[in-house]
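A structural walkthrough
Letter by letter, the chains look like this.
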Amino acid sequence: MMRKYRMLLLLLLPLAANAEGIGYSYAELNYIADQDFDLSGAGSDDGDGFNFNASFAIDDTFFVNGSYSDVGLDDSNIDVSTFNVGVGGRSPLSSTLDAYGVVSYEDVEVDIPGFGDVDDDGFGIAGGLRGLMSANFELNGQVKYTDIGDSDGWGFKLGALYGFAPNWAAGADYSSSELEDGGADLDIDELRVGVRYIF
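Keep in mind that this is a model prediction, so the values were computed, not measured. (Residues numbered from 1 in each chain as written. Predicted model: local features only at pLDDT ≥ 70, side-chain atom pairs only at ≥ 80, totals over all residues. Heavy atoms only, no water.)

Considerations on the pairing of strand 8 (residues 151-165)
The condition that has to hold: Any two strands are treated as partners once DSSP identifies two or more bridges connecting them. Secondary structure elements are defined from DSSP: runs of H or I of at least 4 residues count as helices, runs of E of at least 2 residues count as strands, and each element is numbered from the N terminus.
In this sheet, strand 8 lies alongside strand 7 (residues 137-148) in antiparallel orientation, the contact comprising twelve bridges. What sits directly across from Ile148, in strand 8, is Ser151. The hairpin formed by strand 7 and strand 8 contains two residues between the paired strands, and Gly149 there has a positive phi angle of roughly 60°. Where strand 8 and strand 9 (residues 168-181) come together, 13 bridges link them in antiparallel fashion. Residue pairing in the sheet places Leu158 in a bridge with Tyr174 of strand 9. Linking two consecutive strands that pair antiparallel, namely strand 8 and strand 9, is a turn of two residues; a positive phi of about 70° is found at Asn167 within it.

What about the sheet that holds strand 10 (residues 184-198)?
Within a sheet, neighbouring strands are paired by backbone hydrogen bonds and run either parallel or antiparallel to one another. The criterion, for reference: Fitted lines through C-alpha atoms give the axes, limited to the stretch in contact for helices. The angle between two N-to-C directions lies from 0 to 180 degrees.
Reading around the circumference, 1-2-3-4-5-6-7-8-9-10 is the order of the ten strands in this closed barrel, with antiparallel pairing throughout. Pairs of neighbouring strands in the sheet enclose a mean axial angle of 20°, with direction left out of account. Across 16 bridges, the pairing between strand 5 (residues 97-112) and strand 6 (residues 116-134) is antiparallel. Residue pairing in the sheet places Tyr100 in a bridge with Gly128 of strand 6.

With respect to the packing of aromatic side chains
Heads up, the rule is: Pairing of aromatic side chains requires ring centres within 6.5 Å, counting the rings of Phe and Tyr and the six-membered ring of Trp. Pairs whose planes differ by under 30 degrees are stacked, by over 60 edge-to-face, and all others tilted. Only protein chains enter the accessibility calculation, which uses a 1.4 Å probe; a residue whose area is less than 20% of its type maximum is buried, one above 50% is exposed, and one in between is partly exposed.
All chains considered together, the criterion is met by seven aromatic pairs. Note on Phe50 and Tyr68: the rings are 6.0 Å apart at their centroids and 50° apart in plane angle, and the pair reads as tilted. With Phe50 in strand 2 (residues 43-57) and Tyr68 in strand 3 (residues 62-73), this pair connects stretches of sequence that are 18 residues apart. By relative accessible area, which is 38% here, Phe50 ends up partly exposed. When the ring of Phe123 is compared with that of Tyr145, the centres are 6.2 Å apart and the planes differ by 55°; the resulting orientation is tilted. Of the two residues, Phe123 is situated in strand 6 and Tyr145 in strand 7; the sequence distance between them amounts to 22 residues.

See the structure below:
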């Protein structure tokens, strides 16, 4: 599985072109158009929701970021909220291509009708690439290891951003992850679209 994720990152390496650099200070609001949960032996469910991301560059190397998501599943009426906050560092590979890494605190809360809330937390370690194809078009990719409660696993995310006005960009990304807890596997696939303000 790790070999597959390494290959995804290597595919992004040639995507550099002429542009002015990559920013790490922004606020972003996303609509989660589809999030699919597939638990081995228990079937699948999907739903939609929203996500808010923010990042702030401390200096030319380090940044802090955070994210909050809330998704309501259609069939089960379960509500899933996730929160993370992390510290990251970037390393420019060229004027248009960055490698970065993030260490984060992760929290998940599941609200099950008739049962109540189930809350658990842990940590995440992520690494990725951001590459500028032009002055207003970015492609990015990330792999992430997550350990929450008794579950852990790997995932990846691929995305694109298009700058349509000064300080504003529209984007879309797709992510897929697999968490293992004993003999049970939870696969989570997500598609989202949104808008970012860069400051």
